[in-house]
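Analysis of the macromolecular model
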Amino acid sequence: MGKAKKSTKKFNQKHLKGELERRNSHKKNQQLIKKRELKKGKRSGAGHDQEEEDDGFTGIEEVDSLAEFAESSLKGAGANMDISKFMEADPNNDDGSTDEEDLAALLGEDDDDEDDDDELDADSDEENEDADDVEDKDMGSDEEAVFKKQFEAMKEKDPEFFKFMENNDPEFMKVMNEADDFDGSDEDEDEAESDNSEGGEDSDEDVEMDGADESDEEEKEKPKGTPVTVKMLSTWENSIKTNNSLKSFKQLMLAFHAASHMESEKDTSRDTPFRIEGVQVFNKTISTAIRAAPPAFAHFAPIVNDKVDRKVSGKKWKIVNALIKSYLTSLLELIKQMSDAMMIQYLIKESERMIPYFGCYTRFTRDMVKEMLRQFGSASADDNLRVLSLLIIRRLVESSGADITDMALKGIYLTYVRSSNVKNVGSLTTIQLMRNCGVELYGNDANASYQHAFIYIRQLAIHLRNSMQLRSKESFRAVYNWQFINSLSFWTEVLATYCGDRADEQPDFCATLESLIYPLTQIILGVVRLVPTSKFFPLRIHCLNQLLRLSSSTGIYIPVIPLIIEILESPEFTSKRPVKSTLKRPQLETTLKASKEYEHTRVYLEVVLEYSFDLLADAFAAQSVRIAFPEWSVPAVLQIKRWRKRAGQPWSKFSKQLQGLLEKVEQTSRLVEQNRSKIEFAPGNMTAANQFMNDVHPDTTPIGAYAASLRKVRAQQRATLVEAEMDQD
């Protein structure tokens, strides 16, 4: 056995034991993690235990079997429909080709090159085997080589541990580097000894080999490719415009690919025959390619009936197809890399001209939808960028199949849910914009919209059911959070828009989605009554606003006034004395739960009364053109009068406002009675009764005009708050 080297002895003495201990501990940790995952998997089979572990609502959980609505099935969905497949996030690309393959096609690489590479690999394997046979003669060098191979394998198999060693044990890495130096020096010494014994016949050859190695390293360090110049770009552009030169267009696309992939994770810019040097050349390359590509593609591969016409290109279609894929790949990569909002908007606007070509390739369509969803949900994105991203997604959905539609509908909702945590009044405006954008996207396909709405409303029902059964703080938190409440607002707006505001324009949508109004209403009512305490008055007010939105737009009666009167008859207003406080006025729009310092304080309860008064006005206005309004309003009027007598004195300001509200209700009742005296149909004619006062808008009635003025004041106050926050920022 050969003599061990100094580096090996040094490593064995100082670092071998510690490394073995770390590796063993790492293996044990991995085994523990696997055991925990197995235990979690077993627990998930029990069903009930998994429900107890849900910390909060994310909108992404899978559905399970439930009672009543939760156990119901999709209307219109076939028996062969796979819900788990339908619910998959980020589906894999159908197109198996990759960016590297597209670039290879653009450069003209063939499969024969791969065969040549295989032959070269086989030759190198044979050479390595011969070298191993020679090294087996020396056991000492064999041990060193085996250890080196293990060390190199660690870099590839466990890069995280390798980085950990670099950060926490630099001495070990230094020793390994020294070991490489020692190996080189030992080999040189051995070669020198052999040269001396042989008379130095091969010394000149060794010098020549060393010089060749140094020259190879210098060649590797030199940047590859021809540097692109402004003159070259101008020449290419003129040639494309005047002569429709496919060769110049190909060169421009290669330069564009090199510019767009300079800072990407997969740096394929070195594989192109061009390289970009300098900011000026980079900007010129991007602007020239984006300006010249759409008209060039329209010439070489025009779009006919939403499909690329291959006949125009003829035998050159293979090259044109590679150019299209290269341009789409580079454009997407460029959008991902940009951080400036104005530049991103410019690129997205320019990409809109390429949407017909995106629609012809499923892989690029998926990538574009994913990127637009990322831009849509970005915290740094402004309103213009979000609207622009939505328009791109909508056009892609219109020009693509059902898979892209499902991907876009699911992605827009989940992106909205992830971004729906309210922090201030400004965030409310952003969330409202994202909600409106999502509602617009759900207006493309009635059946797909119903399927997604059914599944996600059912998930909300599951969370509410679990919370009502467990009755724990954790289960309440799964429901009483902004994501859950804003999810309810999203589906409320979808149903209110397509079953109410646009029901006449899109009757098919109304007929398809109308069956979801009842379960959504029941979920909102369940959330209202889950924890009926005074500190959750803000959350109750948010839910009542949703019910009023559904009722006023769809015309379906929902009993909201009894829930508002429950707030007024709370002990906080009828039997307890409010605590005086100098705290700042709370903003209930950005609050779900009153903090402890605000509980039982007069400033908090006054704000609750103001919002309750606005809700009462909206509730009366929503029913103000109904034929039964005079009789329907009597119980509510009596309850309000009773409350004024019993608890109105400490709240004199609110009591006076209620008196004015009751006067408007009486005026509206007289108006309805006057119109009712002119009718000629019997009470049993429900069709005619439903059309009563159809020509009168609710906002034109006395109570409706009063409620509209209150809404206008609230909108002005909110706008003032938003401006104040923007000035502070």
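Each value, and the rule that gives it
- Residues numbered from 1 in each chain as written.
- Predicted model: local features only at pLDDT ≥ 70, side-chain atom pairs only at ≥ 80, totals over all residues.
- Heavy atoms only, no water.
- Helix = DSSP H or I, 4+ residues; strand = E, 2+ residues; numbered from the N terminus.
- Buried < 20%, exposed > 50% of the residue type's maximum accessible area, 1.4 Å probe, protein only.
- Contact = heavy atoms within 4.5 Å.
- Areas by Shrake-Rupley, 256 points an atom, 1.4 Å probe, with all protein chains shown as cover.
- Axes fitted to C-alpha atoms, helices over the stretch in contact; angles between N-to-C directions.
- Parallel < 35°, antiparallel > 145°, perpendicular 65-115°, else oblique.
- Left-handed = near helix turned anticlockwise from the far one by under 90°.
- Phe/Tyr/Trp six-rings, centres within 6.5 Å; stacked < 30°, edge-to-face > 60°.
- Core = buried A, V, L, I, M, F, W, Y, C linked by side-chain atoms within 4.5 Å.
- Salt bridge = Lys/Arg side-chain N within 4 Å of Asp/Glu carboxyl O.
- Patch = residues over 30% accessible without salt bridge, like charges linked within 9 Å, V, L, I, M, F, W, Y side chains within 5 Å.
- Lys, Arg positive; Asp, Glu negative; His and termini not counted.
- Charge placed at Lys NZ, Arg CZ, Asp CG, Glu CD.
- Expected span 1.5 Å × (residues − 1).
- Bend = angle between axes of the 7 residues up to and from the residue.
- Nonpolar A, V, L, I, M, F, W, Y, C, P; charged D, E, K, R; others polar.
- pLDDT = per-residue confidence, 0-100.

Here we look at the overall build of the protein
Of regular secondary structure, the protein possesses 33 helices and four strands. With 729 residues in all, the protein has 43% of them scored as buried. Within the protein, contacts between residues at least 6 apart in sequence are counted, and of these 75% link residues at least 24 apart. Carbon and sulfur atoms form 48% of the exposed surface of the protein, whose accessible area is close to 40500 Å².

Notes on the packing of helix α13 (residues 279-300) against helix α14 (residues 317-337)
In a pair of packed helices, the angle between the axes and the distance between the axes together describe the arrangement. The contact between α13 and α14 brings their axes to 11 Å, and the two run at 140°. Here α14 runs oblique to α13, going by the angle between their axes. Seen along the crossing, α13 lies across α14 with a hand that is left-handed. On α14, the residues that touch F282, I286, A289, I290, A293, P294, F297 and F300 of α13 are V320, L323, I324, Y327 and L334.

Regarding the packing of aromatic side chains
Per the counting criterion, the structure on display carries 26 aromatic pairs. Geometrically, the ring pair formed by Y456 and W491 is stacked, given 6.2 Å between the ring centres and 15° between the ring planes. Placement of the pair is Y456 in helix α21 (residues 446-470) and W491 in helix α23 (residues 482-501), with a sequence separation of 35 residues. Take W491: its relative accessible area is 0%, and that puts it in the buried class. Taken together, the ring pairs in this structure connect F249, F256, F297, F300, Y327 and Y357 into an aromatic cluster.

Here's the deal with the nonpolar core
By size, the foremost hydrophobic cluster in this structure holds 170 residues, and its most contacted members are Y327, W491, V527 and F620. Per element, the largest residue contribution to this core is 14 residues, and it comes from helix α29 (residues 602-622). In this view, W491 contacts Y413, Y442, H452, A453, Y456, I457, L460 and L520; residues no more than four positions away in its chain are not counted.

A closer look at the pattern of salt bridges
Taken as a whole and judged by the stated rule, the model has 20 salt bridges. Measuring nitrogen to oxygen at the nearest pair gives 2.8 Å for the salt bridge that ties R353 to E350. By relative accessible area, R353 is classed as partly exposed at 44%. Of the residues examined, E350 reaches a relative accessible area of 17% and is grouped as buried. Here D618 makes a salt bridge to R714, at a shortest N to O gap of 3.3 Å.

Section: a positive patch on the surface
Side chains of K473, R477, K593 and K596 sit close together on the surface and give a patch of like positive charge. By secondary structure assignment, the location of K593 is in the loop between α28 (571-574) and α29. For K593, a relative accessible area of 46% corresponds to the partly exposed category.

Quick look at unusual backbone geometry
Backbone geometry places H600, a non-glycine residue, at a positive phi of 65°. A relative accessible area of 31% places H600 in the partly exposed class. Phi at M693 takes a positive value of approximately 55°, unusual for a residue other than glycine. Locating M693 in the fold gives a position in the loop between α32 (686-690) and α33 (702-728).

Quick look at helix α30 (residues 629-647)
In a regular helix each residue adds 1.5 Å, so 19 residues correspond to 27 Å; α30 covers 27 Å between its end C-alpha atoms and thus fits that length. The largest bend in α30 amounts to roughly 30° and is located at P635. Within α30, burial applies to F629, P630, S633, A636, V637, I640, W643 and A647. Tucked into the core, α30 has its buried residues touching α27 (561-568), α28, α29 and α31 (652-676).

Points about the packing of helix α25 (residues 517-530) against helix α26 (residues 537-554)
Two numbers describe how α25 lies on α26: the axes approach to 9 Å, and their chain directions differ by 155°. Classified by the angle their axes make, α25 and α26 are roughly antiparallel. The interaxial crossing formed by α25 with α26 has left-handed handedness. Here I517, L520, T521, I524, L525, V527 and V528 of α25 lie close against α26, whose contacting residues are L539, R540, C543, Q546, L547, L550 and T554. Across the contact of α25 with α26, the residue classes tally to ten nonpolar, three polar and one charged.

Thoughts on the confidence of the model for the protein
Confidence in the prediction of the protein, expressed as mean pLDDT, is 79, and 73% of residues score 70 or more. Ranking the helices and strands of the protein by mean pLDDT puts α25 first, with 96, and helix α4 (residues 83-86) last, with 35. Overall, residues 75-97 carries pLDDT values under 50, and its contacts beyond four positions in sequence, including any with other chains, amount to 39 contacts. Note that pLDDT drops below 50 for residues 109-141; the model gives that stretch ten contacts with residues more than four away or on any other chain.

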